[in-house]
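As a plain string of letters, each chain reads:
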Amino acid sequence: MHGRGLTKHYGGVPVVDGVDLELRAGECFGLLGPNGAGKSTLIRLILGLAPRDDGELEVLGRSVPDAIRAIRARCGVVPQQDNLDIDLTAAANLRVYARYFGLGGPAVEARIDRLLAFFQLADRRGAEIEALSGGMKRRLILARALINDPELLVLDEPTTGLDPQARRLVWQQLRRLRREGRTLLLTTHYMSEAARLCDRLAVMDGGRLLALGTPEELLRWYVEPYVVEVPLDGEDFQPLSQAPGCRLRVTGDTAYLYTDDPGPLVDRVRTAGFDPPYWRPANLEDVFLGLTGYELRED
Amino acid sequence: MAPRLALAIPHGRSVAVWMRNLRVWRRYAVPSLIGNFGEPLLYLLGLGYGLGRFVSGMADMPYLAYLASGVLCATAMNTASYEGLYAAYTRMTRQDTYGAMLATPLQVADVVAGEVAWCATKALISGVTLFVVAGALGAIPLAGLPLAALPVVLLMGLTFGAMAVLVTTLAPSYDFFLYYFTAFITPMFLFSGVFYPVDTLPGWLQAAVVALPLFHGVELVRPLFSGELPDPLAVHLAVPAIYLIGAFQLATVCLRRRLLV
Ligand SMILES: Nc1ncnc2c1ncn2[C@@H]1O[C@H](COP(=O)(O)OP(=O)(O)O)[C@@H](O)[C@H]1O
Ligand SMILES: [Mg+2]
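Here's a quick rundown of the structure.

Analysis parameters
- Within each chain, residue numbers correspond to sequence positions counted from 1 in written order.
- Note on labels: chains are lettered from A, ligands numbered from 1, in written order.
- Two thresholds apply to this predicted model, a pLDDT of at least 70 for residue-level local features and 80 or more for giving and counting side-chain atom pairs, whereas whole-chain, interface and lining totals are computed over all residues.
- The side-chain values count all of the structure's non-hydrogen atoms but skip hydrogen atoms and water molecules.
- Contacts are residue-level and defined by heavy atoms, with any inter-residue pair within 4.5 Å sufficient.
- Buried area: the accessible area, evaluated with a 1.4 Å probe, that two parts lose upon being put together, summed over both parts.
- Definition used for salt bridges: Asp or Glu carboxyl oxygen within 4 Å of a side-chain nitrogen of Lys or Arg.
- Side-chain atoms alone can form a polar contact between residues adjacent in sequence; in general such a contact is a pair of N or O atoms within 3.5 Å, and within protein one must be able to donate a hydrogen while the other accepts it.
- Strands are runs of DSSP state E lasting at least 2 residues, helices are runs of H or I lasting at least 4, and numbering of each runs from the N terminus.
- Only Asp, Glu, Lys and Arg are considered charged, only Ala, Val, Leu, Ile, Met, Phe, Trp, Tyr, Cys and Pro nonpolar, and every remaining residue, Gly among them, polar.
- The buried label applies to any residue whose accessible area, calculated with a 1.4 Å probe on protein chains only, is under 20% of its type's maximum; exposed applies above 50%, and partly exposed to all values in between.
- Like-charged residues are merged into a patch within 9 Å and nonpolar side chains (Val, Leu, Ile, Met, Phe, Trp, Tyr) within 5 Å, provided each residue has over 30% relative accessible area and no salt bridge.
- Per-residue and other accessible areas were derived by the Shrake-Rupley procedure at a 1.4 Å probe size, with only the shown protein chains allowed to occlude residues.
- The sign given to each residue is positive for Lys and Arg and negative for Asp and Glu; His and the chain ends receive no count.
- Charge positions are represented by NZ for Lys, CZ for Arg, CG for Asp and CD for Glu.

**Quick notes on the interface of chain A and chain B**
- Each partner contributes residues to the interface: chain A has 32 residues there, and chain B has 28 residues.
- Together, the buried faces of chain A and chain B total about 2,600 Å²; carbon and sulfur atoms form 54% of this surface.
- Contact with chain B buries area across many residues of chain A, yet Arg69(A), Asp87(A) and Tyr100(A) alone supply 29% of it, more than any other trio.
- Here chain A and chain B share 4 salt bridges between them.
- The residue Arg27(B) makes a salt bridge to Glu128(A) at a minimum N-O spacing of 2.5 Å.
- Counting across the interface, chain A meets chain B through 13 residue pairs in polar contact (both at pLDDT 80 or more).
- It is helix α3 (residues 90-100) of chain A that provides the largest number of residues to the side of chain A that touches chain B, a total of 6 residues.
- Per-class residue counts for the side of chain A that touches chain B are 16 nonpolar, 3 polar and 13 charged.

Below is the structure:
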């Protein structure tokens, strides 16, 4: 996939604002960003599900929207909102969806069996959709997205709303799909998910890509190796701002001190009369907060 | 990017949309079929037997046969309208069935075509049901060409299905459909010659009725019931066909504007 200057406005406001993005065959690419960053809109542009206002776009070597039918035949899509067909059973959902691709017959039936087993849904094949748990529905949507054996899999928040067990199962399956050589594009706001699954990441906010690289590169480029977290409890954080060799960020009731060397800093914070701080290696969440800001988003 | 002003032509794949609806319908076919009998049977019994006592015949036909030929078209209109309004609106909004379809190779025109074809299929199912009921009541003159009426039922189903889907693509809520029925479907039902000849109406109303599709359906079916060819055949076919093609094109544009934004 290859996009240049992708742009989309809603009501005169740019929601995707000149995005350049290139996916390499066989990689797992993660799109991170707070709510309202424009991730879903970017994905809809890439899939030709929303007309773009500007930019050039090729997916699987074909141009969007001219070759959209051929492109879609080779893509699998997991939408942000569940849209299983509630008038049909679990297996019938896959069977009918396969028909939309012009696929049917014994080969599809065998594939349905394999997909239901792969996502641990074999005992639910005759179940009504409303009788499935949130995690089962999400897995069934993943199975549905694979019915046409896609080369490119596009997943919009595949694990949002899942419990930790279900999320791990989905991760395991996504890693397996990547090993099979499929290209994956996923959005998430779970940093741990991005760190575990993705070869490369982009952090998106306000319709722009703020940073793009491997998880290691993002950590190296955008944040110091360690963080000292100081619980504030309503205290004034001004005394901390004079601490040497560190960068201070405050959100809510916690101060974050980013540093190369946490030892002396911890002592200093303690002697300054604050509650005992705790330090840890910086992670993608710190990169994310650093790039997109520490304020609460309403959206 | 500039919108394209080409005519929308559905792909053969739209059959998959039709098949999806057929598969769902088969799960609830029995209650749905029983429901189909109800209303047309009431019209035939209530009006046919009741009024038939006072009206010996109309247009040289027994009144029951006259009524059956009109109610056949009206039933097709109602069945296709309900399917294309309420059921399609649910698929478009609450169930996001169209959203799921459009993430596959299916395009908007395919979805609309599959839905319209399904509306017509349901119209045909209720038409056949009515045929059986009316036949049992002796309302269908076997001397005529009654089976030739079924393609007309299909045409009515396609036309009113396309119009209903168009209204659905514009509807902000289910309440909107009541306006469509009150302003359009019910007046057509009452004034298009289903119950009595149109030439009893004032001239301006006749002109309006002739410009609408249901009248032409009735004008196609009624002669067939008495073994004659409709006249002028081309006009009675062309008016519904124009509504069908126009509504299909507009529905495709409107659905695209609604879903692919
Ligand atoms: N169809 C639409 N009409 C108007 N505004 C929209 C539409 N879709 C998205 N938006 C707006 O665009 C912004 C980005 O939305 P979205 O792409 O869903 O963000 P994300 O997926 O990153 O949470 C939001 O402010 C949202 O309200
Ligand atoms: Mg989103």
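Read on for the rest.
**Quick notes on the side chain of Thr252(B)**
Residue and element names in this part refer to chain B.
- Within the secondary structure layout, Thr-252 lies in helix α10 (residues 233-259).
- On the accessibility criterion, Thr-252 (1% relative accessible area) is buried.
- Here Thr-252 is in contact with Ala-8, Val-108, Ala-109 and Val-112, once residues within four sequence places are set aside.

**Quick look at a negative patch on the surface**
- Negative charge collects at one region of the surface, where Asp53(A), Asp54(A), Glu56(A) and Glu58(A) lie side by side.
- Mapped onto the elements, Glu58(A) comes out in strand β4 (residues 54-59).

**Some points on the side chain of Arg222(B)**
All names here are of chain B.
- Note that Arg-222 resides in helix α9 (residues 213-225).
- Of the side chains with opposite charge, Glu-219 lies nearest to the buried Arg-222, which makes no salt bridge, at 5.2 Å.
- Leaving out residues up to four positions away in the same chain, Arg-222 has contacts with Met-61, Tyr-66, Ser-69, Gly-70, Gly-193 and Val-194.

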